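Remarks on the overall topology
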Amino acid sequence: MKAVVFEDYKTFPTIKEVERPVAKAGEVLLKVAGAGCCHSDVSVFANATAETGKQTKPPFILGHETSGWIEDVGEGVTGFNKGDAYLVYGPTGCGHCKRCVAGEENYCENAATNTSMALGLGRNGGMAEYMVAPARNLVPLGNAEPIAAAPLADAALTPYHAIKAALPHLNGGGKYALVIGLGGLGQIAIQILKALTGATIIATDMKPEAMAQAEAKGAITVPSDENEVARIREIADGRGVDAAFDFVGFAPTIAAAQASSAVDSRVTIVGIAGGKATYDWYSNPLQQELTSVYWGSMTELHEVAAMYRQGVITPEVELYPMDCALDAYQNLVDGKLTKRAVVVP
Ligand code: NAD
Ligand code: ZN
């Protein structure tokens, strides 16, 4: 079968012919419906080194945002029907710590000693005609359309987790939320904020078409430039936003998120661009939380799937056949995508 393989550190992926995998005990074989291209993959293949990328050691098949149909099950696996559609929960922890047994493999207590991070991050993922996954990682889609569902597994799950954790700051009426970076995750973040809160949503990016899409979803947009903080504070009653979500994570975007936020607010760094933040008693608004998040839990993916079935979360996707998968990644690198790229093998 054809697969998109990350072959070596600091090397752009390639399409290769590889052997079709077989489900072992406790695993399921899926015929892949869709596999999303996430910006985190770019960090993996463009930036990681043998030192920094121990848990994403090549070679492996990319694709940590996958949906598919049951094709076969391994020994001891029951309760699945061939052809039923599922999302794949990506994070793979040790499987036995307190966090893992609670379905929070994203926060595995043994992360430091795990040899991979997720299906598609350090071990084979879904950018192939078939993939195997642990049976416990499957989340049913029911009758919902499975190809456009692929981004739910990361581009929706991650902002959902970040927003749920920030809800105490967004409940109560008259609240403001800020979304920085309106790509794959940021666009879905707006849908989730609308569904879960009554907050006024302010959104910023430097791409006009990304801002137009955010406006169509009901956000007020502010271009990302030297006036953005003043403009955002003005919209947010002069006091600043109650929760900010930075889907870029450069030092300037983190600083903008902090400076745009109110007293008693929460700033969540989601983007992994590696920007450093400053924090001190005098210059940061009082009682302002600064936090980061990583992906989400299995339970949260079930919740996200339910919101998709109800039409509350609708990923906007651009489909690429397997032969064009590398164009999808190149367009992501070049900032040319206007919708989440999903490879359809
Ligand atoms: P994407 O490329 O689809 O979108 C990024 C968006 O940010 C683009 O619209 C771009 O124009 C915009 N942008 C870039 N620089 C900006 C700036 N200075 N100011 C305003 N906007 C700017 O990326 P994505 O797949 O949505 O991922 C977003 C980030 O989240 C990436 O860093 C990715 O690695 C990270 N990520 C983190 C997690 C996690 O668990 N923490 C999970 C998935 C992705
Ligand atoms: Zn664990």
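Residues numbered from 1 in each chain as written. Chains lettered and ligands numbered in written order. Predicted model: local features only at pLDDT ≥ 70, side-chain atom pairs only at ≥ 80, totals over all residues.

Where an unreviewed UniProt entry is consulted, the protein chain appears under the name Alcohol dehydrogenase, propanol-preferring, with the organism given as Bifidobacterium commune. Quoted verbatim from the Sequence similarities (unreviewed entry) field of the UniProt record, the comment on the protein chain reads "Belongs to the zinc-containing alcohol dehydrogenase family." (UniProt positions renumbered as here; feature names shortened; annotations may be inferred.)

**Examining unusual backbone geometry**
With an omega of 0°, the peptide bond between Pro-58 and Pro-59 qualifies as cis. Summarising the element assignment, Pro-59 is placed in the loop between helix H1 (39-47) and strand S4 (60-61). Phi at Asp-237 is positive, roughly 55°, even though this residue is not glycine. Following the sequence through the fold, Asp-237 ends up in the loop between helix H6 (228-235) and strand S14 (241-246). The phi angle at Trp-295 is positive, at roughly 50°, despite the residue not being glycine. Along the chain, Trp-295 falls in the loop between strand S16 (289-292) and helix H8 (298-309). (Helix = DSSP H or I, 4+ residues; strand = E, 2+ residues; numbered from the N terminus.)

**Focus: the sheet that holds S14**
Spatially, the 6 strands line up as an open sheet ordered S13-S12-S11-S14-S15-S16, and their pairing is parallel. Strands at the two margins of the open sheet, each flanked by one partner only, are strand S13 (220-223) and S16. With direction set aside, neighbouring strand axes in the sheet form an average angle of 20°. Here strand S11 (residues 176-180) pairs with S14 via 4 bridges, running parallel. Bridge pairing links Val-179 to Phe-245 in S14. Sitting on the sheet, helix H3 (residues 157-170) is in contact with S11, S14 and strand S15 (261-269), with an inclination near 165° to S14. (Pairing = 2+ DSSP bridges. Axes fitted to C-alpha atoms, helices over the stretch in contact; angles between N-to-C directions. Contact = placed C-beta atoms within 7 Å.)

**Structural notes on the site of ligand 1**
Taken together, 33 residues surround ligand 1, and among them His-39, Gly-181, Gly-183, Gly-184 and Gly-271 come closest. For the shell around ligand 1, the elements supplying multiple residues, two or more each, are H1, helix H4 (184-196) and strand S12 (200-205). The class makeup of the residues in the shell around ligand 1 is 16 nonpolar, 14 polar and 3 charged. Two domains each put at least three residues into the shell around ligand 1: domain 1 (2-151 + 296-344) and domain 2 (157-292). (Near = placed C-beta within 6 Å. Nonpolar A, V, L, I, M, F, W, Y, C, P; charged D, E, K, R; others polar. Domains from an automatic or database assignment.)

**Details of the domain arrangement of the protein chain**
Interfaces are frequently sized by the accessible area removed from exposure as the parts join. By the assigned domains, the protein chain splits into domain 1 (2-151 + 296-344) and domain 2 (157-292). Placing the centre of domain 1 and that of domain 2 at their C-alpha centroids yields a distance of 27 Å. Tallying the contact residues gives 18 residues for domain 1 and 13 residues for domain 2. Going through the elements one at a time, H1 and H8 are the ones with two or more residues in the side of domain 1 that touches domain 2. A total of 4 residues in the side of domain 1 that touches domain 2 trace back to one element, the largest contributor, which is H8. Residues belonging to the side of domain 1 that touches domain 2 are distributed by class as follows: 8 nonpolar, 7 polar and 3 charged.

**Notes on the nonpolar core**
Residues Leu-178 and Val-179 are the most contacted members of the largest nonpolar core, which totals 102 residues. There are two domains that each give this core at least three residues, and those are domain 1 (2-151 + 296-344) and domain 2 (157-292). Leave out the neighbours within four places in its chain, and Val-179 touches Gly-186, Ala-189, Ile-190, Ile-201, Ala-203, Ala-219, Phe-245 and Phe-247. (Core = buried A, V, L, I, M, F, W, Y, C linked by C-beta atoms within 7 Å. Buried ≥ 20, exposed ≤ 12 C-beta atoms within 10 Å, placed from the backbone.)

**Regarding the pairing of strand S18 (residues 340-344)**
Of all 5 residues in S18, 4 are buried; the element is thus mostly enclosed. Summarising the sheet, strand S3 (residues 27-36) and S18 pair through 2 bridges and their orientation is antiparallel. Each bridged residue has a counterpart across the sheet, and for Gly-36 the counterpart in S18 is Val-342. As paired elements, strand S17 (residues 317-321) and S18 share 5 bridges and run parallel to each other. Paired with Val-317 across the strands is Arg-340, a residue of S18. Running through helix H9 (residues 325-333), the crossover from S17 to the neighbouring parallel element S18 is right-handed. (Right-handed = clockwise from strand over helix to strand, strands pointing away.)

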